[in-house]
Amino acid sequence: MRRLLLLLLGLLLLHEGRCFEFVIDGEWEDEATHVHDHHERHKRAILTSEEQEDFEAIRGDDITVKSYKVESRITSRFAHTTVRSSVVNSGSKAQSIGFNVQIPKRAFISNFTMNVNGITFVGSVKEKTVARNLYAQARARGKAAGIVRANSQDLETFKTEVHVPPGSNIEFELHYQEMMQRRLGFYEHSLFLQPRRLVPQFQVDVYIYEPKGISTVNTPSTLGENFANLIKVTQTKEKAHIVFKPNLQQQRKCDNCTDSAIDGVFTVRYDVNRDSNAGELQVSDGHFVQFFAPTNLSPLPKNIVFVIDVSGSMWGVKMKQTVEAMKAILDDLTIDDHFSIIDFNHNVRCWSEELVPGSSIQIADAKNYVQNIKPNGGTNINEALMRAVQMLVRASNQGLIDPRSVSMIILVSDGDPTVGEIKLSVIQKNVKRVMREEYSLFSLGIGFDVDYDFLERIAMENRGMAQRIYANHDAAEQLRAFYRQVSSPLLRRITVQFPEDTVSDVTQNSFDKYFSGSEIVVAGKVLPSDSNTLTSFTTAAAARLDITLETEADTSVLDEELAKQQHSFTGFAKQLWAYITVKQLISERSLAPTAVKKRKITQRIMALAVEHQFVTPLTAMLVESEDATERLLADFPKDPKHGCCSGTQRIQGGKSPSNLAPVRVVYQPPPWVQMPTTPTPSEVAKDTVEVLLPQKVTIVDNDPHFIVHLPVSDTYVCFNIDSKPGHILNLVSDPGTGLLVNGQLVGSKQMKKNKLSTYFGTILVYYQPDGISVTISTDSITMTDGRNNHSFTWGATAEITQDGVRISIRKNSHVSIVINNNIQVMVLLHRVWKKNPVSVDFLGIYIPNDNQYSPLAHGLIGQFHREPELNVFDLHEGVDPLKKEATMEVKGNRLKVTRGWQKDYRLDKKRGSNVYCWFIHNSGKGFIDGHYTDYIVPNLNSFLQTH
C-alpha cells in the first residue's frame, strides 16, 4: 500500500524569542495524478491494520498530556463533538507534537483552534481556492502550516503536528458535526478513544436532548468489560448524560503499567419516544425538520436477487464469510418472499432462472448451492447485473410478483470488473437503462480493491445504498447486519408534503422505501405566515392499504423550550437543514449528467458550506493566527478510491454555527447533571409528569413539625421534635421491605428567642433489595447504587429510573421517589433569601398512608402504619382563645393536647395551607413509642435498632 506523502513545510514563528515548525502530512487533490491504469486505481490512502494499531491521539516522545476531553452534544439527532487536549513538551529538546482525531466519514469538521505558547490559531471555512490562495501567501513568506486527514474504514483521521521548543504549552481543540442515523431501531454515537498514554484529566461526556423524550439509552461495552462499570448513565424523560471519567489507576493496563488500557470505541445507543406513526415535526429558527419512523406495520413481501462475486480474489476468508452470511440471510426469508441467486466470475451462473418462494425446501437447496461455490476467474459485473434485472422484469411480467412487494438486487463484490464490459461509466449507464422505478440496487463492497465510489453511484442512482464490508473484521456479521437493515420493508412510495406557500427549499421529500428500524428525515425553510402552526402530510403504501398521516407543530413552542435548555442547540433545525442539503448536493454532484449542472451544484455546495462552516470536498478550513500572519489549511480528505466528491447515503444531516466568522463553541454541563469538577450551572426549566400524592398524607416540615394522618379516624396528630443540629432521626425503618428513610437536622444561622431552630437539611431514602439510596440535600440530589454515584441539581426537572426505583425531580420544588409502584416519598425544597440572617434552606417530607410496608415497619413515621386507637374528650377553652384544649387517650397514655394547625406546603410553598390537628407536647411523648431520642441513629444509612 502506498504510504501518504509526507511534506515538511518549514516555517518559523518568531514569538517571544521562540521558534516553531509545523508539518503538513497529506496530498492535494490536484497534485494527485489524473492518469490511472487499472492497477493504480487500487492504491489508496487507507490505514492498514498495523497503522491502525499504531494510532495515537497525542504523539510525542517526552511530553506531558495534561488533559484529553471529549464532549458531544446531541440535540434532535444532531451531534456536535468537541475534542480538547492540553499538552506540554516536558523534554529538554524541541520536538514535534501531534494531535490526531478519528472522526466518522459522515461528519463535517466545523472548527479547529490551536494555542501554542499564547499564539492562537483560529479556523474559518472558505471556498477551497480562496483558502489555498491565502495559505499560499503565507507559504510564500516562509510561514506555512498544515493539517491532514487519512482514511480508515468508516473514519477520517484528522492530523496536525507542531514542532515546539522545550517547555512549550499547546492546546488543541477540534469541532465536528454529524447527524445520527437510525439503524436497526436506534441511533449510535461513536467516539474513538486511543490516548495510548495515561492522562490525569481524561473525560468523555455525552449529553442528549430529544424534545419528544428518550425511550432508551445504553452504552455497549465496546471499550471492554473492565470499563463497563465506569460509564455512568443518567436519564430523564427528554435528556440523558453519559460520562466516562477513569482516574489514572483505572486507565492502566495493569497495576504498574504506564500504558493506557483505553483503546477502542466509546459507543452510546439511544432511541426516542414516538407518539404516533405520523412522525415528529419540529420547527425552530424559521426551519423545520420532519422525522418519520413508523412502527407496528406489517412488513411488505420481498423479491430479492442476490448477485455474488465468486472471482478468484474472493478465495479464502472472504468467500467463507460470505457463505456464512448468505446461509443466515436465507434462513431469514419467509414463504411470502421470492428470491434467487446469481454468482459470477468471468461467467454468470444462476441457481434458479426464476424467482422462487422462500420455502424451507428452496432455502435448503440454495444454502447447499452457496456452500459449494468455488471462487476462481475474473469479474464480469455488467453481465451479472443485467441478468438480475432481467429476472425481476420477467417475474413481474408473468405476474409472479405481488404489486405491493419490494424488489431489490443485492450485489456483493470485492473488485473492479476485469471481464466483459469493464468501463465503469458504461456499466452505470447500462444498469440505469434497464432498472425499473420499482426496483432497488444495494451494493456491498468487500475490502478496498473494489471501486467503492462506483458501487455507491450505481446504488444511489437506483434507489439503494452502498456499504463497505471490511474483510479484516467479521465480514459475515457485517453482511448480516446490512441485510437486517433492508430485510423488513414497511412502506413504499413515501412522500412528505406541506400546504402551498408554507415552506421552501425542502430537502428530498420522496422516498422509494421505508425499512423497519430506520428513519426518514425531511427539512426545509418555513415561510412567514400569520399562523403559528405548520402541518405536514405523509402518504405511503403499506402491505395492504394506502395511508395518509398528518402532523402538526407549533412554530414557536420548540424555540421557547430550547431557549431554556442550556445544553441544546437553539435553531438546530436551520443547521440540520444545511447539513442534509449539502450532503444531498454532494450526492447529486457525483451523478450530474453534464458539466454545466455539476458547476451549478458545486456553487451551491460552496455557498452553503461557507455560510454554515462545513469542511467539505469543495471547501477548506483556513486556520490562522490572530494577526493572520501564520496559517494552517484543513482540507477535505481525498480517497483515491472515492474521488473528490463521492456520493453519500441520502438520509443524512447535521448543523454547525451559521455565522461566517468562526465561533468558538463552549459548553457548560446542563444543570440537571452535576459533576464534581464542573461549575455551578444556571437554571433550566423542564416539565415532566409529576408523581402525585394523595391529598391527605403524613407530613414532616418546617422546624420540624410532624403531622401524622390517621386514615381510619381521619384525624391529624401533630408534634415537634426539638433535637440538635447534626442529629439523624429515623422516620421509616422497615427491614421487611428493605426501606429506610432518615433525616439529618441542620440549625438556623443564629438563635431566635433563645432557641436554635432545627430543620431537615438532608433526607436519605434507601431501598435495600436493589442497593439504591437517594440522598437529598438543599443543594443536590444524589443517587447511589453501591457502584455508581449520580448527582443532580435542583435547577431543572428530571426523572431517573433504576431497577424498581423512580426519582422525579421538579425544578426548585420537590423530589418524588417511587419504589416498585407501592411506596412513595416526596421531599419538598424550601429556599430562603440567601442573605437571611437567621433562616436556612431546608426540606419537608410528605409520605402517603397507603405505602405498603411490612409488619416490621417502625420509625417516627413508620410506626403509624398500624394506626393506634385514640379517644379525645374533655374539650375546653385553652390559654389561647383560638386553640381549644382536650385530653387524648392513646397507647395507654392520657395526654393533654391542644387544637391547632400546621402547614402543608405542597400547593403553596410560601404561605402553605392549614392542616388542623391535635398537638402533642414534649416532642410527641406518649404518642410515639418510647422517647424521641430512641430514633436517633448514628449514620444516614443506619436502620433503627429495635429491642
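Residues numbered from 1 in each chain as written. Predicted model: local features only at pLDDT ≥ 70, side-chain atom pairs only at ≥ 80, totals over all residues. Heavy atoms only, no water.

## Details of the overall build of the protein chain
Note the following rule: A run of H or I in DSSP becomes a helix once it reaches four residues, and a run of E becomes a strand once it reaches two; helices and strands are each numbered from the N terminus. Under the convention used here, a 1.4 Å probe and the Shrake-Rupley method define accessible areas, while residue burial counts only the protein chains that appear.
Helix and strand counts for the protein chain come out as twelve helices and 54 strands. Carbon together with sulfur atoms contributes 49% to the accessible area of the protein chain, which is approximately 38600 Å² in total.

## Overview of the nonpolar core
We count it as follows: The term nonpolar core refers to a set of buried residues drawn from Ala, Val, Leu, Ile, Met, Phe, Trp, Tyr and Cys, joined through side-chain atoms within 4.5 Å. Summary of the burial criterion: residues with accessible area below 20% of their type's maximum are buried, those above 50% are exposed, and those between are partly exposed, where the area comes from a 1.4 Å probe applied to protein chains only. The contact rule is simple, with two residues in contact once any of their heavy atoms fall within 4.5 Å.
Residues F706, F760, I776, I817 and F927 are the most contacted members of the largest nonpolar core, which totals 60 residues. Element by element, the count of residues in this core is highest for strand β41 (residues 758-767), at six residues. For I817, the residues in contact, after removing those within four places along its chain, are V765, V774, I776, V805, R806, I807, I823, Q824 and V825. Counting residues in hydrophobic clusters, the runner-up holds 55 residues, among them F172, V199, Y270 and V615.

## Section: the environment of R911
Formally: The term polar contact refers here to a pair of N or O atoms within 3.5 Å; inside protein, the definition further demands a hydrogen-donor-capable atom paired with an acceptor-capable atom, and it admits residues adjacent in sequence only when both atoms are side-chain atoms.
Position of R911 among the secondary structure elements: in the loop between β52 (893-904) and β53 (913-920). Of the residues examined, R911 reaches a relative accessible area of 58% and is grouped as exposed. Setting aside residues no more than four positions away along its own chain, R911 makes contact with K903 and Y905. In this structure the side chain of R911 is engaged in a polar contact, spanning 3.1 Å, whose partner is the side chain of D908.

## A closer look at helix α8 (residues 452-461)
Counted residue by residue, α8 has ten buried out of ten residues, so it is predominantly covered. Listing the buried residues of α8 in full gives Y452, D453, F454, L455, E456, R457, I458, A459, M460 and E461. Looking at the buried residues of α8, the elements they touch are α6 (381-397), β25 (406-413), α7 (424-434), β26 (439-446), β27 (466-469) and α11 (572-590). N-cap assignment for α8: the residue whose side-chain oxygen lies 3.2 Å from the backbone N of D453 is D451. With its phi angle positive at about 60°, R463 sits one or two positions after the end of α8.

## With respect to the packing of α11 against helix α12 (residues 595-612)
Put simply, the rule is: For helices, the axis comes from a line fit to the C-alpha atoms of the stretch in contact; other axes are also lines fit to C-alpha atoms, and the angle between any two N-to-C directions lies between 0 and 180 degrees. Orientation is classified from the angle alone, with under 35 degrees giving roughly parallel, over 145 giving roughly antiparallel, 65 to 115 giving roughly perpendicular, and any other angle giving oblique. Should the near helix be turned anticlockwise from the far one by less than a right angle, the crossing is left-handed, and should it be turned clockwise, the crossing is right-handed. Each residue is assigned to one class: nonpolar for Ala, Val, Leu, Ile, Met, Phe, Trp, Tyr, Cys and Pro, charged for Asp, Glu, Lys and Arg, and polar for all the others, Gly among them.
Between α11 and α12, the least distance of the axes is 10 Å, while the angle of their chain directions is 155°. Of the possible angle classes, the one that applies to α11 and α12 is roughly antiparallel. At the point where α11 passes α12, the crossing takes the left-handed sense. For the pair formed by α11 and α12, the contact residues are K574, Q575, W577, A578, T581, V582, L585, I586, E588 and R589 on the first element and K598, I601, T602, R604, I605, L608, A609 and H612 on the second. By residue class, the composition of the contact of α11 with α12 is nine nonpolar, four polar and five charged.

## Overview of the sheet that holds strand β29 (residues 503-504)
Our working rule: In this analysis, strands are considered paired if DSSP registers two or more bridges between them.
If you trace the four strands from one edge of the open sheet to the other, you get β19-β20-β31-β29, paired in antiparallel fashion. Two strands close off the open sheet at either side, each with one partner strand: β19 (280-284) and β29.

## Focus: the pairing of strand β13 (residues 186-193)
When you tally the buried positions in β13, you get six out of eight residues, the bulk of the element. Between strand β12 (residues 182-183) and β13, which follow one another and run antiparallel, lie two residues, and L184 among them has a positive phi close to 55°. Judged from the seven bridges that link them, β13 and strand β18 (residues 264-272) form a sheet pairing that is antiparallel. Bridge pairing in β18 places S190 opposite T267.

## Remarks on the state of the cysteines
Filter applied, for reference: Counting rule for disulfides: a pair of cysteine sulfur atoms within 2.5 Å.
Under the defined criterion, the tally for this structure stands at two disulfides. Between C254 and C257 runs a disulfide, and the two sulfur atoms are separated by 1.8 Å. For the disulfide bridge between C254 and C257, the dihedral angle about the S-S bond is near 95°, and by the sign convention the bridge is right-handed. Note on cysteine connectivity: C718 is disulfide-linked to C917, with sulfurs 1.9 Å apart. An S-S torsion of about -120° defines the bridge between C718 and C917 as left-handed.

## A few points about the pairing of strand β16 (residues 231-235)
Examined bridge by bridge, β16 and strand β17 (residues 239-244) share five bridges and lie antiparallel to one another. Residue pairing across strands places K232 opposite V243, the latter belonging to β17. A loop of three residues connects β16 with β17, the two strands running antiparallel in sequence.

## Considering the sheet that holds β13
If you walk across this open sheet you meet the four strands as β12-β13-β18-β15, and the pairing is antiparallel. Both edges of this open sheet fall to β12 and β15 (214-218), since each of them pairs with a single strand only. Here β12 runs beside β13; their pairing, made up of two bridges, is antiparallel. Bridging across to β13, R182 finds its partner in Y187.

## Observations concerning the side chain of S748
The residue S748 is located in the loop between β40 (739-747) and β41 in this model. A residue is classified by how much of its surface remains accessible, and S748, at 9% relative accessible area, is buried. Here the side chain of S748 touches Q750 through a polar contact of 3.0 Å, landing on its backbone oxygen. Among residues more than four places away in sequence, those in contact with S748 are L756, S757, Y759, V838 and V840.

## Details of empty space enclosed by the protein
To find the voids left in a structure, one rolls a probe of water-molecule size over its atoms. Cut-off, in case you're wondering: Residues are said to line a cavity or pocket when one of their atoms sits within 4 Å of a point; the points come from a 1 Å grid over protein atoms alone, cavities being sets where a 1.4 Å probe fits but cannot get out and pockets being open sets with protein on both sides within 12 Å along at least five of seven lines. Grid points are joined across faces, edges and corners, and a volume is the space filled by probe spheres set on the points.
Within the structure shown, the criterion is met by ten cavities of 30 Å³ or more. Estimates place the volume of the second largest cavity at around 90 Å³. Lining the second largest cavity are F306, I308, T322, A325, M326, I329, I410, V412, L444, L479, F482 and Y483. Looking at the lining of the second largest cavity, the elements with two or more residues in it are β21 (302-309), α4 (317-332), β25 and α9 (475-486). Per element, the largest residue contribution to the lining of the second largest cavity is four residues, and it comes from α4.

## A few points about the pattern of salt bridges
Note the cut-off: What counts as a salt bridge is simple: a side-chain nitrogen of Lys or Arg found within 4 Å of a carboxyl oxygen of Asp or Glu.
Per the counting criterion, the structure on display carries 32 salt bridges. As a salt-bridge pair, E519 and R77 come within 3.1 Å of each other at their nearest N and O atoms. Note that E519 is positioned in the loop between β30 (510-515) and β31 (520-526) and R77 in the loop between β4 (63-75) and β5 (78-89), a separation of 442 residues in sequence. Residue E519 is classed as buried on the basis of its relative accessible area of 5%. D414 serves as the salt-bridge partner of K318, at 3.0 Å between the closest nitrogen and oxygen. Taken together, the residues span a long stretch of sequence, with K318 in helix α4 and D414 in the loop between β25 and α7 at a distance of 96 residues.

## A few points about the environment of T801
Mapped onto the elements of the fold, T801 is located in strand β45 (residues 798-802). Separated by 564 residues in the primary sequence, T801 and K237 place their C-alpha atoms 9.8 Å from one another. Contact partners of T801, with chain neighbours within four places excluded, come to Q235 and R806.

## Description of the packing of aromatic side chains
Here a ring pair, both rings aromatic, is described through the centre-centre distance and the interplanar angle of the planes. Our working rule: Each Phe, Tyr or Trp ring (for Trp, its six-membered ring) is paired with any other whose centre lies within 6.5 Å, and the angle between the two planes then decides the class: stacked below 30 degrees, edge-to-face above 60, tilted in between. Consider the ring centre and the ring normal. A charge sits over the ring if Lys NZ or Arg CZ is within 6 Å of that centre and within 35 degrees of that normal.
All told, the structure shown has 25 aromatic pairs when counted by the stated rule. With a centroid separation of 5.1 Å and 35° between ring planes, the pair formed by Y187 and Y270 is classed as tilted. Placement of Y187 in strand β13 and of Y270 in strand β18 is noted, with a sequence separation of 83 residues between them. By the burial criterion, Y187 is buried, and Y270 matches it. Note on Y766 and F943: the rings are 6.3 Å apart at their centroids and 65° apart in plane angle, and the pair reads as edge-to-face. With Y766 in strand β41 and F943 in the segment after β54 (936-937), this pair connects stretches of sequence that are 177 residues apart. For F943, a relative accessible area of 16% puts it in the buried group. The ring of F927 has K891 lying over it, and the distance from NZ or CZ to the ring centre is 6.0 Å.

## Describing a nonpolar patch on the surface
So the rule is basically this: Without a salt bridge and with relative accessible area above 30%, a residue can belong to a patch; like charges are then joined within 9 Å and nonpolar side chains (Val, Leu, Ile, Met, Phe, Trp, Tyr) within 5 Å.
A contiguous nonpolar patch, built from L882, W901 and Y916 and spanning about 350 Å² of accessible area, is present on the exposed surface. Turning to its location among the elements, W901 is positioned in strand β52.

## Some thoughts on the confidence of the model for the protein chain
Just so we agree on the cut-off: Per-residue confidence from the predictor is reported as pLDDT, a score between 0 and 100.
Overall, the prediction assigns the protein chain a mean pLDDT of 81, with 83% of residues at 70 or greater. Of all the helices and strands in the protein chain, strand β1 (residues 6-7) carries the lowest mean pLDDT, 24, while strand β39 (residues 728-734) carries the highest, 96. Across residues 142-153, where pLDDT falls below 50, the model places 69 contacts with residues more than four positions away in sequence or in other chains. In this model residues 638-691 is a low-confidence stretch, pLDDT under 50, and it forms 210 contacts with partners more than four residues away in sequence or in other chains.

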